[in-house]
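# Report on the structure
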Amino acid sequence: MTDASLPWSHAPVKVGLVGAGPWARAVHARVLAAGPETQLTAVWARRAEAARETAAPYGADVAARFEDLLDSCEAVAFAVPPDVQAELACRAAEAGKALLLEKPLALDLPSAQRLVDAVDSAGVVSQLVLTSRYNPATRRFLAAAQAVDAVGARACWLHGAFLGGEFATAWRLEHGALLDLGPHVLDLLDAALGPIVRVRGTGDPRRWIELTCEHASGAVSQASLSGSVNVERGITRIELFGPHAELVYDGTALDHEESWPVLRREFATAVRSGKSGELDVHRGLRLQTLMAQAMEA
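In short, a report on the structure.

Thresholds applied
- Residues numbered from 1 in each chain as written.
- Predicted model: local features only at pLDDT ≥ 70, side-chain atom pairs only at ≥ 80, totals over all residues.
- Heavy atoms only, no water.
- Buried < 20%, exposed > 50% of the residue type's maximum accessible area, 1.4 Å probe, protein only.
- Helix = DSSP H or I, 4+ residues; strand = E, 2+ residues; numbered from the N terminus.
- Pairing = 2+ DSSP bridges.
- Contact = heavy atoms within 4.5 Å.
- Axes fitted to C-alpha atoms, helices over the stretch in contact; angles between N-to-C directions.
- 1 Å grid on protein atoms, 1.4 Å probe; cavity = no way out; pocket = protein on both sides within 12 Å on 5 of 7 lines; lining within 4 Å.
- Points joined across faces, edges and corners; volume = space filled by probe spheres on them.
- Nonpolar A, V, L, I, M, F, W, Y, C, P; charged D, E, K, R; others polar.

### Looking at the pairing of strand E12 (residues 247-250)
Moving residue by residue along a regular strand, the side chains alternate between the two faces of the sheet. Along E12, the buried face is formed by Leu247 and Tyr249; none of Val248 and Asp250, which line the opposite face, is buried. Of the pairings in the sheet, the one linking strand E11 (residues 235-241) to E12 comprises 4 bridges and is antiparallel in character. Within E12, the residue paired with Glu239 across the bridge is Val248. Joining the antiparallel neighbours E11 and E12 is a turn of 5 residues.

Structure follows, in structure tokens:
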């Protein structure tokens, strides 16, 4: 596991941030500015005032144009809707910039494939912000899962963010929990039980959707996803079952502050080494492919 407490001996990676919404302010700007591995150099958003408010606490510049942002940095982080990310990240890759990408990569599979092609053609580093994957507790669960001969699993990712508030954004309300929460649960089920070879979905992603996944190992997993239920706290849980005692992952009480130093260290390490880690744009494409399959079922 990555130890983000060890000294950082390289120059900080200069990162430009695209986006100035609630997630950009709460996470990206703050985490990237904290260093020592990264330095927030500039913020660009379509609303100039929001960009100024996001950049000001960290002394970062406000880029007047996206092209100006690219000129100010060696890596670009995205905190924008998936369709905007898919378009602008291609341009950033073509400009030779490393990419810190949100999930999902895009709103649809063809757009995600175009982004992957742009990254591969440019040969730039990429990394996905799959929040829980950088948490030490999640990594301990996945390590333990390798020793479990699971035949089945149950998972649920439930919250009420779509009912109102700053994260009830247009793209989430239109496309629902599959695109918003699906990358998280499919990634963890795929990592814990082995590759998913088939996934079927039923229900309405804007209300409640059920996924049934068949794994190469022969295991079967099921997942319930919703962002439209009134629960006091979000529920994040995976249970693995087999001939031995069940293995439970309860992500509800995870401290996400433990994730950010690991994410920052691994992204900066990838940029400085020129080599992407496991959670790169190709991982994002695999998850997008699985979600597309679920929508077709």
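Having seen it, we continue.
### Looking at the sheet that holds strand E5 (residues 98-101)
Spatially, E3-E2-E1-E4-E5-E6 is the arrangement adopted by the 6 strands of the open sheet, whose pairing is parallel. Bordering the open sheet on either side are strand E3 (61-62) and strand E6 (126-128), each of which pairs with just one other strand. In this structure, E5 lies alongside E6, joined through 3 bridges in parallel fashion. Looking across to E6, one finds that Leu101 is bridged to Leu128. Each of strand E1 (13-18), strand E2 (38-44), strand E4 (75-78), E5 and E6 is contacted by helix H9 (residues 259-273), which is oriented at about 155° to E5, the strand it contacts most.

### Quick notes on empty space enclosed by the protein
A water-sized probe, rolled over the atoms, reveals where empty space remains. Going through the model one piece at a time under the given rule, you end up with 2 cavities of 30 Å³ or more. The space that makes up the largest cavity amounts to roughly 60 Å³. Taken together, Val27, His28, Val31, Leu32, Leu100, Val129, Trp260 and Leu263 make up the full set of residues lining the largest cavity. The set of elements that each furnish at least two residues to the lining of the largest cavity consists of helix H1 (22-34) and H9. Tallying contributions element by element places H1 first for the lining of the largest cavity, with 4 residues. In terms of residue class, the lining of the largest cavity is made up of 7 nonpolar, 1 polar and no charged. Taken as a whole, the second largest cavity holds about 30 Å³ of empty space. Around the second largest cavity, the lining residues are Lys103, Pro104, Leu105, Leu128, Pro183, Gly284, Leu287 and Gln288. No other element matches the 3 residues that helix H10 (residues 281-296) contributes to the lining of the second largest cavity. Its residues assigned to classes, the lining of the second largest cavity shows 5 nonpolar, 2 polar and 1 charged.

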